[in-house]
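Here are the chains, one letter per residue:
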2 protein chains.
Amino acid sequence: MSVSGGMTGARARAILHAYLVETWRRRGRTASSYSASTEPSKVRALIYGSHGDPAKVIQLKNLELTALEGSDVHVKMLAAPVNPADINMIQGNYGLLPKLPAVGGNEGVGQVVAVGSSVSGLKPGDWVILANAGLGTWRTEAVFREETLIRVPKDISLQSAATLSVNPCTAYRMLVDFEQLQPGDCVIQNGSNSGVGQAVIQIASALRLKTINVVRDRPDIQKLTDRLKDLGADYVLTEEQLRLPETKTILKDLPPPRLALNCVSGKSSTELLRHLAPGGTMVTYGGMAKQPVTASVSLLIFKDLKLRGFWLSQWKKNHSTDEFKELILTLCDLIHQGQLRAPTCSEVPLQDYQRALEASIRPFVSSKQILTM
Amino acid sequence: MSVSGGMTGARARAILHAYLVETWRRRGRTASSYSASTEPSKVRALIYGSHGDPAKVIQLKNLELTALEGSDVHVKMLAAPVNPADINMIQGNYGLLPKLPAVGGNEGVGQVVAVGSSVSGLKPGDWVILANAGLGTWRTEAVFREETLIRVPKDISLQSAATLSVNPCTAYRMLVDFEQLQPGDCVIQNGSNSGVGQAVIQIASALRLKTINVVRDRPDIQKLTDRLKDLGADYVLTEEQLRLPETKTILKDLPPPRLALNCVSGKSSTELLRHLAPGGTMVTYGGMAKQPVTASVSLLIFKDLKLRGFWLSQWKKNHSTDEFKELILTLCDLIHQGQLRAPTCSEVPLQDYQRALEASIRPFVSSKQILTM
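Here's the deal with a negative patch on the surface
All names here are of chain A.
- On the surface, D322, E323, E326 and D333 cluster together into a patch of negative charge.
- Tracing the backbone shows E323 in helix α13 (residues 321-336).
- Here E323 falls in the partly exposed class, since its relative accessible area comes to 39%.

Observations concerning the state of the cysteines
Residues and elements named next belong to chain B.
- All chains considered together, the criterion is met by zero disulfides over all chains.
- Left without a disulfide partner, C332 is nearest to the cysteine sulfur of C169, which lies 9.2 Å away.
- Of the residues examined, C332 reaches a relative accessible area of 2% and is grouped as buried.

Thoughts on the relation of the copies chain B and chain A
- With an axial shift of 0.0 Å and an RMSD of 0.0 Å, the rotation relating chain B to chain A amounts to 180°. Taken together, the rotation and translation describe the operation of a two-fold axis.
- Comparing contact sets, 100% of the residues at the interface of chain B also lie at the interface in chain A, consistent with an isologous, same-surface contact.

With respect to the pairing of strand β10 (residues 210-215) of chain A
Residues and elements named next belong to chain A.
- Most of β10 sits inside the fold, with five of its six residues counted as buried.
- Bridging between strand β9 (residues 186-189) and β10 involves four bridges; their strand directions are parallel. Residue pairing across strands places Q189 opposite N213, the latter belonging to β10.
- Between the parallel pair β9 and β10, the chain is carried across by helix α6 (residues 195-206), and the sense of this crossover is right-handed.
- Sheet topology places β10 next to strand β11 (residues 235-238); four bridges connect them, and they run parallel.

So, the interface of chain B and chain A
- Between chain B and chain A, the residue contacts involve 35 residues of the former and 35 residues of the latter.
- In this assembly, chain B packs against chain A so that about 3,000 Å² is buried in total across both faces, 70% of it on carbon and sulfur atoms.
- Applying the counting criterion to the chain B and chain A interface returns zero salt bridges.
- Looking at which element gives the most residues to the side of chain B that touches chain A, the answer is helix α11 (residues 297-301) of chain B, with five residues.
- Looking at side-chain class alone, the side of chain B that touches chain A contains 16 nonpolar, 14 polar and five charged residues.
- As defined by bridge partners, strand β14 (residues 293-295) of chain A adjoins strand β14 (residues 293-295) of chain B across three bridges and the pair is classed as antiparallel. From the neighbouring strand, A295 of chain A faces β14 of chain B, where its bridge partner is V293 of chain B.

Overview of the side chain of N213 of chain B
Residue and element names in this part refer to chain B.
- If you trace the backbone, N213 turns up in strand β10 (residues 210-215).
- Side chain to side chain, N213 and T211 meet in a polar contact 3.0 Å long.
- Ignoring any residue separated from it by four or fewer positions in sequence, one finds N213 in contact with Q189, S192, I201, A233, D234, Y235, V236 and L237.

Brief notes about the sheet that holds strand β4 (residues 102-103) of chain A
Residues and elements named next belong to chain A.
- Spatial strand order, β2-β1-β4: three strands in an open sheet with antiparallel pairing. One side of each edge strand has no neighbouring strand; the edge strands of this open sheet are β2 (58-63) and β4.
- Here two bridges tie strand β1 (residues 43-48) to β4, and the two strands are oriented antiparallel to one another. Looking across to β4, one finds that I47 is bridged to V103.
- On the sheet, helix α14 (residues 353-361) packs against β1 and β2 and is oriented at approximately 140° with respect to β2.

Scoring rules and cut-offs
Residues numbered from 1 in each chain as written. Chains lettered and ligands numbered in written order. Predicted model: local features only at pLDDT ≥ 70, side-chain atom pairs only at ≥ 80, totals over all residues. Heavy atoms only, no water. Patch = residues over 30% accessible without salt bridge, like charges linked within 9 Å, V, L, I, M, F, W, Y side chains within 5 Å. Areas by Shrake-Rupley, 256 points an atom, 1.4 Å probe, with all protein chains shown as cover. Salt bridge = Lys/Arg side-chain N within 4 Å of Asp/Glu carboxyl O. Lys, Arg positive; Asp, Glu negative; His and termini not counted. Charge placed at Lys NZ, Arg CZ, Asp CG, Glu CD. Helix = DSSP H or I, 4+ residues; strand = E, 2+ residues; numbered from the N terminus. Buried < 20%, exposed > 50% of the residue type's maximum accessible area, 1.4 Å probe, protein only. Disulfide = S-S within 2.5 Å. Least-squares fit on C-alpha atoms with pLDDT ≥ 70 in both. Contact = heavy atoms within 4.5 Å. Pairing = 2+ DSSP bridges. Right-handed = clockwise from strand over helix to strand, strands pointing away. Buried area = accessible area lost by both parts, 1.4 Å probe. Nonpolar A, V, L, I, M, F, W, Y, C, P; charged D, E, K, R; others polar. Polar contact = N/O pair within 3.5 Å; in protein donor to acceptor, adjacent residues only side chain to side chain. Axes fitted to C-alpha atoms, helices over the stretch in contact; angles between N-to-C directions.

As structure tokens, then:
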């Protein structure tokens, strides 16, 4: 989720700071004890002390592992992806910014090593993912409070588990929360090769929705098209193809889409709006083009188009952890049924993080970078 | 409602054409009999045969009055305003365009002269307004079908009756249909001196909502400010004042607005979005600046702002005539209670229509042009 500007950054930062202070207070330690230790330790973490270019500000350091208290869980991290939102957070372009220094990463899967005396819902050996962003997953081990963890089944792939709590959740909520779609209805999206985009294709297919998937043109476009169609995409079009008048003919067998999902913005989102059915909704969840969303007045008034935004962190604030767990279970069911695969991943050992960071921002890299610990 | 472009024009035109053909069929006449008569007649009408500059395409002509059939009502028009939407419709920049030639005007009040044998709800002497746009009100007399007319009380002013069915209805629906506002909540709007703007101020005041009213700067700004405050405006600011950082201090006693009403678009709407509360809605109903609506990606994602449009014609398509009559009655109650006055009006005799058309598009003319027959 690359965004231009950050109107609510200060407020979100204040909220997160208050949360972290409370977490530290309850663990009986101060913020300063969170800084990197100079002593040798088995805990290694990717830490940034200031916002900026990830390649420059991220460093691999040793951290002390805090003592395990009653409701704490000691987790050995197994795998954690590099998501666009992680990069934006390090750059300082995100609606939620942690107090610095901070451990990078907001998503990942770990295995429980030990639990505190009052932990009842988890046991050593369990696989867990994180319920909230901002806790820092790019590290070998950590102590988290029980309520920040969600157990996931161990019979799904490590890559599926590591990439479950952000992109597929975003895709699912956007597909079901904005328009009351019925089987046979159609969804159009751009950035269709993104982590969210691939999840949208698969979840839409499971819900028997048709998808029109827009991607940037590239040398290996046929390979990408084949891969997305293999996931369940009905149509794959380049941005340029979407602008051609004859595309209307290509899409004539589909009902006009009632939902558009936009992670690009700028001209690409203007084009999505042009294809939406009257009364339809465009949900923006990213701004890769670093341009705003623009809608003509007549599209708003006479075509009654609705422009909305989606941010999973906000959804989680507005819903209980049980509702989030329910969502995770729903997605695990889809994985079990073979209807939701992890995106194409490249596993990179934690110490080679520079390679993963570089690949995560290089254009047309179709695989998600996964740090393995 | 000045708009750039007209995406749904063709479709709307087709719908209206079908409607007119059906009307003509039921009245037993053909479209050609609708053209201006060369014979002297007592019915005078402002007619346009092609889209373009109203000053050039509108002509005062004689029309035949059709015979009164069973469910028809013969109406002597009393007064009809010149609204921005009427001008856009003549220019061809509107979501609903009549088959040409057409009589101008979409709103007005008339008095029933005679009724057909099967008319039960109206009698000679009643005041009536039109339930639908596109029927042509800039004429001395007309025969309308009973179901296109709504009786209004005769104890309201002629100007109130003539300007009741478009702007106050738009204002009311926008205030109640998009956000669940409570007394004490705040609304921000631009173009606050427009017909809709003045109705918003008064209806909001009746609903005990606070209003921040943005207007263009002008030589007599204090006079305008005083007039809008007299209507119930809490704050009146120029576009320039709204951009100043100190304005936040001026507005500090108000809760941040949860609803923004936009008839300008372009930069002005960007500024409204900046002042909206998180989760708030901006409703666009016009584009006087002839620029699109632009929203930064972070306002959509992190501030969860919602961008919608409103068009009364669409609302009427989605609701029954009884619901529209209910709305008219609600507004008549407000008029009776002294809470809703007609906008400042300049009455212009029908034959001086060029003066009214010219004044209706001249900048900073604060009074609504009303044609009197």
